[in-house]
Amino acid sequence: MADSNKLAPQQKAQVQKTAEKASKKAEKAPKKEKHKKMRTYQQRQDRNGYAFMAPWIIGFAIFTLFPFVMTIFLSFNAVQSTAWGYQFDFIGVDNYINAFVGNEEFLPALLGYLRMIVPYTFIVVVLAFIIAYLLCKINVGKGILRTIYFLPVIIMSGPVMSQLLTVQGAGDEISAQMNAAVETTNAYSNIFIMQIIDSYSKPLANALAGIFDQLSVILWFTGIPIVLFINGLQKINPSIYEAAKIDSANAWQIMWKITIPMLKGVGLIITVFTVIQLGMYDSINPMYELIEEKTGDLSSGLGFAATYAWIYSIIALALIGIVFLLFKDRKPKDIKARQKQEKKLKKLEKIQKKRLKAQKRHQAKEAKLYGR
């Protein structure tokens with residue numbers, strides 16, 4: 001009996017422990033089940049997302065990734081078409097050297113592309129902003145005018161645009177346009193502003209004359225930028241303009257201090273889009289025309305076409321990088337000065353910490369040598 005009485009408390013304690021463990025397991029079980037349910041739900045969502053993107057992923061792998069890798073391979077080879085297929089001879093970087101040395105086609109086309117892309121991009125972005133700003137201020141016939149300005153985007157998506165460019169004379173090479181720039185300038189010699197610009201800088205007058213000659217073509221590329229600018233202008237809070245007017249700011253100050261800074265992100269997207277869009281038409285881009293011509297040359301053109309495409313892609317990426325730098329947010333001078341002071345203070349703190357550590361080490365050595 002005494003033994004049974006002694007064991008009873010121990011058994012009770014064990015029963016309590018087992019009961020506590022069972023209750024803890026029972027509490028953990030729903031959490032695990034919830035976690036499993038959440039995991040399976042997340043997995044199902046991921047699967048649905050990947051299934052939705054599967055056509056794009058497959059298309060990208062077949063039509064973009066494979067040609068991307070293949071152009072790298074072709075740019076380092078001399079490609080010839082034979083009766084048994086294409087013959088590849090590895091020649092290293094000779095195609096890249098030949099593109100710049102002793103080539104009468106590539107450099108003129110590259111310079112023509114650079115002469116075209118810089119002024120065209122600037123004018124497309126500026127015109128799109130002006131038209132979008134005016135369309136936001138107009139109250140009567142706003143929808144009709146927006147439709148008219150966006151209509152060229154629909155036409156431009158097909159072969160009609162290339163036909164229009166050819167009819168308007170935009171299919172001529174850029175080099176021929178530059179040679180005839182003096183004649184185009186003479187066509188605008190009666191304009192007083194053009195006379196002033198011509199007396200100041202003839203190359204600038206020639207460039208402006210060429211732009212005026214192609215102004216109708218440039219307007220075709222402003223459709224999507226206008227829509228994006230309108231979207232950005234509509235997102236600006238009107239209370240900001242009201243507060244600026246209360247502070248006696250005029251329309252010009254509101255434009256430069258509020259509207260343009262708040263449209264910086266939209267302007268970046270539009271500029272990058274315009275650089276890419278203008279480069280996709282061989283009628284105005286001699287580089288694109290040269291790449292198409294070399295791609296169709298089956299005897300020895302595929303290697304050169306791949307090389308030209310890679311050089312052109314690198315230059316286009318460099319231009320996009322310059323655009324990012326131009327639209328980069330610049331910090332005010334007071335913030336820059338404050339950050340410089342903070343950096344100097346951090347350096348001084350590090351130097352002081354190093355000195356304190358050196359003093360502690362020196363004191364510890366002295367304590368070992370001479371004792372405390």
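These numbers come from a predicted model, not from an experiment.

*Asks:* I'd like a description of the overall build of the chain, backed by residues and values.
*Replies:* Tallying secondary structure elements over the chain gives 17 helices and two strands in all. Here the chain holds 372 residues, and 26% of them are scored as buried. Long-range pairs, those at least 24 residues apart, make up 67% of the contacts in the chain with a sequence separation of at least 6. Looking at the chain as shown, the accessible area adds up to about 26600 Å², and 64% of this sits on carbon and sulfur atoms.

*Asks:* Tell me what's going on with the packing of helix α3 (residues 106-137) against helix α15 (residues 286-296), and back it up with residues and numbers.
*Replies:* Close contact between α3 and α15 brings their axes to 7 Å; oriented N to C, the two are set at 145 degrees. Of α15, the residues touching α3 (which contributes F106, A109, L110, G112 and Y113) are P286, M287 and L290. In terms of residue class, the contact of α3 with α15 is made up of seven nonpolar, one polar and no charged.

*Asks:* Summarise the packing of helix α12 (residues 238-246) against helix α13 (residues 251-262); cite the residues concerned and give the values.
*Replies:* In a packed pair of helices, the relevant descriptors are the angle between the two axes and the axis-to-axis distance. In contact at an axis separation of 11 Å, α12 and α13 are set at 160 degrees when each is read in the N-to-C sense. The orientation of α12 relative to α13 falls into the category roughly antiparallel. For the pair α12 and α13, the sense of crossing is right-handed. For the pair α12 and α13, contact is made by I240, Y241, A244 and K245 and by I254, I258, T259 and M262, respectively. Residues of the contact of α12 with α13, tallied by class, amount to six nonpolar, one polar and one charged.

*Asks:* I'd like a description of the nonpolar core, backed by residues and values.
*Replies:* Nonpolar side chains in soluble globular proteins tend to be buried together. Grouped together as the largest cluster of nonpolar side chains are 30 residues, with contacts concentrated most on F106, Y113, M116, I117, F221, L278 and M287. Residue assignment for this core shows that the elements contributing at least two residues are α3, α10 (215-219), α14 (264-278), α15 and α16 (301-326). Per-element tally for this core: the top contributor is α3, with nine residues. Leave out the neighbours within four places in its chain, and F106 touches A99, F100, M287, L290, Y308 and I311.

*Asks:* Summarise the pairing of strand β1 (residues 77-82); cite the residues concerned and give the values.
*Replies:* Sheet analysis places β1 next to strand β2 (residues 85-90), joined by six bridges and oriented antiparallel. Bridging across to β2, A78 finds its partner in D89. Hairpin connection, β1 to β2: the antiparallel pair is bridged by two residues.

*Asks:* Kindly report on the packing of aromatic side chains, identifying the contributing residues and their values.
*Replies:* Applying the stated criterion to the full structure yields 10 aromatic pairs. Each ring, one from F76 and one from Y96, has its centre 5.6 Å from the other, and the planes form 45 degrees; the classification is tilted. Of this pair, F76 sits in the loop between α1 (2-75) and β1 while Y96 sits in helix α2 (residues 94-100); the two residues are 20 residues apart in sequence, bridging distant segments of the chain. When its relative accessible area of 22% is taken as the criterion, Y96 is described as partly exposed. Where F106 meets Y308, the ring centres are 4.8 Å apart and the plane angle is 20 degrees; that geometry is what we call stacked. Residue F106 is located in helix α3, and its partner Y308 is located in helix α16; the two are separated by 202 residues in the primary sequence. Y308 matches F106 in its accessibility class, with the two residues each being buried. We note K294 situated over the ring of F304; from NZ or CZ to the ring centre the distance is 5.9 Å.

*Asks:* So, the side chain of S75: which residues are in play, and what are the values?
*Replies:* By the secondary structure assignment, S75 is in helix α1. Reaching out from S75, the side chain makes a polar contact with the side chain of Y96 at a distance of 3.0 Å.

*Asks:* Account for the confidence of the model for the chain, with residues named and values stated.
*Replies:* If pLDDT is low for a region, its predicted coordinates should not be looked at in detail. Residue-level pLDDT values for the chain average 76, and 72% of them are 70 or greater. Across the chain, α14 holds the top mean pLDDT of 89, while helix α6 (residues 174-179) sits lowest at 47.

*Asks:* Run through a positive patch on the surface, naming residues and quoting values.
*Replies:* Positive charge collects at one region of the surface, where K340, K343, K344, K346, K347, K350, K353, K354, K357, K360, R361 and K365 lie side by side. Mapped onto the secondary structure, K354 falls in helix α17 (residues 333-370). The exposure class assigned to K354 is exposed, which follows from its relative accessible area of 63%.

*Asks:* Tell me what's going on with the side chain of T121, and back it up with residues and numbers.
*Replies:* Note that T121 resides in helix α3. Taking the relative accessible area as the measure of exposure, T121 reaches 7% and is therefore buried. Aside from chain neighbours lying at most four places away, what touches T121 is T271, T274, V275 and L278.

*Asks:* How would you summarise the environment of F129 if you had to cite specific residues and measurements?
*Replies:* By the secondary structure assignment, F129 is in helix α3. Here the alpha-carbon distance between F129 and I230, two residues 101 residues apart in the chain, equals 8.3 Å. Those residues in contact with F129 that lie beyond four places of it in its chain are F229, M255, T259, I260 and L263.

What counts and how
- Residues numbered from 1 in each chain as written.
- Predicted model: local features only at pLDDT ≥ 70, side-chain atom pairs only at ≥ 80, totals over all residues.
- Heavy atoms only, no water.
- Helix = DSSP H or I, 4+ residues; strand = E, 2+ residues; numbered from the N terminus.
- Buried < 20%, exposed > 50% of the residue type's maximum accessible area, 1.4 Å probe, protein only.
- Contact = heavy atoms within 4.5 Å.
- Areas by Shrake-Rupley, 256 points an atom, 1.4 Å probe, with all protein chains shown as cover.
- Axes fitted to C-alpha atoms, helices over the stretch in contact; angles between N-to-C directions.
- Nonpolar A, V, L, I, M, F, W, Y, C, P; charged D, E, K, R; others polar.
- Parallel < 35°, antiparallel > 145°, perpendicular 65-115°, else oblique.
- Left-handed = near helix turned anticlockwise from the far one by under 90°.
- Core = buried A, V, L, I, M, F, W, Y, C linked by side-chain atoms within 4.5 Å.
- Pairing = 2+ DSSP bridges.
- Phe/Tyr/Trp six-rings, centres within 6.5 Å; stacked < 30°, edge-to-face > 60°.
- Lys NZ or Arg CZ within 6 Å of the ring centre and 35° of its normal.
- Polar contact = N/O pair within 3.5 Å; in protein donor to acceptor, adjacent residues only side chain to side chain.
- pLDDT = per-residue confidence, 0-100.
- Patch = residues over 30% accessible without salt bridge, like charges linked within 9 Å, V, L, I, M, F, W, Y side chains within 5 Å.
- Salt bridge = Lys/Arg side-chain N within 4 Å of Asp/Glu carboxyl O.
- Lys, Arg positive; Asp, Glu negative; His and termini not counted.
- Charge placed at Lys NZ, Arg CZ, Asp CG, Glu CD.

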